[in-house]
Amino acid sequence: AAAEVHLAKPATDLQSILVREAVYCAIGRTCIRMRDVIPFDEWLSTTLIAEARETNPQYPLIKRRIAWLVGKWIASDCASPNNPHVWDLLVWLLKDRGQGTDAVVRLTAAVALKEAIDVCSYSVPLFDQADVMFDRPLLSSLTLSYHTCL
C-alpha cells in the first residue's frame, strides 16, 4: 500500500525518481510472478505512457527502465505485443529527441522493440498504424525482421 501511494504521486525529485526506477526494476525482474497481480495493459495505458512523455530532465532513468520493463514483460510472455499501446510507447521513446531523454533511452527502446518482434505473434496491421510514426528505413528493417521470423 505504501508503494502504491508513493507511485501514485509524480516523481519530480531525484530521490523519488530513484525509488520509482527501483520499483520498476523489481516489477520487471519478477514479471512472471507479478503478471496475475498487475493489470499490465491498464498500467501501461494510464501510467507508463504518461511517464514516457514526461519532459523532466531527470527522467531518462525512468524512461530507460520503462522501455526495459515493457520488453521484459513481452519477452517473458507476460504481456501481449499485440497491444497498440506497447508500440506507441516504444516508438515514442525511440523517436523522442526532446528534453528528458537520451541515447540510452532510445537504444533500450530499440532492444524492447526487437524483443516484441522476436515474439513473432504480433499482428502485422499494427505496423500499418505505426507506419506514420516510424522512419521508413526503420519500418523496412522491422518488417524484414518479422518476415524472417515466419
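All residue numbers refer to positions counted from 1 along the written sequence of the respective chain. Per-residue local features are limited, in this predicted model, to residues with pLDDT of at least 70; the limit for side-chain atom pairs, both in listing and counting, is 80 or more; totals at the level of whole chains, interfaces and linings are taken over all residues. As a rule here, side-chain values come from all non-hydrogen atoms in the structure, and water together with hydrogens is ignored.

Novice: So, the packing of helix H5 (residues 60-75) against helix H7 (residues 103-119): which residues are in play, and what are the values?
Specialist: Axes, fitted as lines to C-alpha atoms, cover a helix only where it is in contact. Angles between the N-to-C directions of the axes lie from 0 to 180 degrees. Strands are runs of DSSP state E lasting at least two residues, helices are runs of H or I lasting at least four, and both sets are numbered from the N terminus onward. At their nearest, the axes of H5 and H7 sit 8 Å apart, and the two run at 10° to each other. By the angle class used here, H5 and H7 are roughly parallel. Here Pro 60, Lys 63, Arg 64, Ala 67, Trp 68, Gly 71, Lys 72, Ile 74 and Ala 75 of H5 come into contact with H7, specifically with Val 104, Val 105, Thr 108, Ala 109, Ala 112, Glu 115, Ala 116 and Val 119. Of the residues contributing to the contact of H5 with H7, the split by class is 11 nonpolar, 2 polar and 4 charged. Put simply, angles under 35 degrees are roughly parallel, angles over 145 are roughly antiparallel, angles from 65 to 115 are roughly perpendicular, and the rest are oblique. For this analysis, residues touch if any pair of their heavy atoms sits within 4.5 Å. In this classification, Asp, Glu, Lys and Arg are treated as charged, Ala, Val, Leu, Ile, Met, Phe, Trp, Tyr, Cys and Pro as nonpolar, and every other residue, Gly included, as polar.

Novice: Any chance you could break down the environment of Leu 107 for me, citing the residues and the numbers?
Specialist: Its place among the elements puts Leu 107 in helix H7. When its relative accessible area of 58% is taken as the criterion, Leu 107 is described as exposed. A C-alpha to C-alpha distance of 9.1 Å links Leu 107 and Leu 93, two positions 14 residues apart in sequence. Summary of the burial criterion: residues with accessible area below 20% of their type's maximum are buried, those above 50% are exposed, and those between are partly exposed, where the area comes from a 1.4 Å probe applied to protein chains only.

Novice: Give me the environment of Ile 117: which residues, what numbers.
Specialist: Structurally, the position occupied by Ile 117 is in helix H7. Along the sequence, Ile 117 and Ala 75 sit 42 residues apart, while their C-alpha atoms lie 9.3 Å from each other.

Novice: Give me H7: which residues, what numbers.
Specialist: A helix is expected to reach a length of 1.5 Å times the quantity of its residues less one. Relative to the 24 Å expected for 17 residues at 1.5 Å per residue, H7 spans 25 Å between its end C-alpha atoms, a close match to the ideal helical length. Regarding H7, the residues found buried are Val 105, Arg 106, Thr 108, Ala 109, Ala 112, Leu 113, Ala 116 and Ile 117. Polar contact criterion, stated in full: a pair of N or O atoms within 3.5 Å, where within protein one must be able to donate a hydrogen and the other to accept it, and residues adjacent in sequence count only if both atoms are side-chain atoms. At the N-terminal boundary of H7, the capping side chain belongs to Asp 102, with an oxygen 3.1 Å from the backbone nitrogen of Val 104.

Novice: Help me get a handle on the packing of H5 against helix H6 (residues 84-95), residues and values and all.
Specialist: Relative orientation of the contacting elements H5 and H6 amounts to 140°, with a least axis distance of 11 Å. Between H5 and H6, the interaxial angle falls into the category oblique. Viewed along their axes, H5 and H6 form a crossing whose handedness is left-handed. Residues Lys 63, Ile 66, Ala 67, Val 70 and Ile 74 of H5 form the contact with H6, whose own contacting residues are Val 86, Leu 89, Leu 90 and Leu 93. Grouping the amino acids of the contact of H5 with H6 by side-chain chemistry returns 8 nonpolar, no polar and 1 charged. Helix crossings fall into two classes, left-handed where the near helix is turned counterclockwise from the far one by less than a right angle and right-handed where it is turned clockwise.

Novice: Which residues make up the nonpolar core, and what values do they have?
Specialist: Among the buried residues, those of types Ala, Val, Leu, Ile, Met, Phe, Trp, Tyr and Cys that are joined through side-chain atoms within 4.5 Å form a nonpolar core. Grouped together as the largest cluster of nonpolar side chains are 34 residues, with contacts concentrated most on Phe 40, Val 70, Trp 73 and Leu 89. Those elements giving two or more residues to this core turn out to be helix H2 (14-29), helix H4 (40-52), H5, H6 and H7. Among the elements that take part in this core, H5 stands out by supplying 7 residues, more than any other.

Novice: Break down the pattern of salt bridges for me, citing the residues and quoting the values.
Specialist: Close approach of charged atoms lets side chains of opposite charge pair. By definition here, a salt bridge exists when the distance from a side-chain nitrogen of Lys or Arg to a carboxyl oxygen of Asp or Glu is within 4 Å. Under the defined criterion, the tally for this structure stands at 5 salt bridges. The salt bridge partner of Glu 21 is Arg 64, with a shortest N-O separation of 3.8 Å. Pair noted here: Glu 21 is in helix H2 and Arg 64 is in helix H5, with a separation of 43 residues, a long-range link. We classify Arg 64 as partly exposed; its relative accessible area is 24%. Ionic pairing is found between Asp 96 and Lys 63, a salt bridge with its closest N-O pair at 3.6 Å. Taken together, the positions of Asp 96 in the loop between H6 and H7 and Lys 63 in helix H5 put the pair 33 residues apart, joining distant regions of the chain.

Novice: How would you sum up the confidence of the model for the protein chain? Please name residues and give values.
Specialist: Reading predicted coordinates in detail is not appropriate for stretches of low pLDDT. pLDDT is defined as a per-residue confidence score from the predictor, taking values between 0 and 100. Looking at the protein chain as a whole, its pLDDT mean stands at 82, while 74% of the residues score no less than 70. Per-element mean pLDDT across the protein chain ranges from 51 in helix H9 (residues 136-149) up to 97 in H5. A low-confidence stretch, residues 145-150 (pLDDT under 50), is modelled with 6 contacts involving residues beyond four sequence positions or located in other chains.

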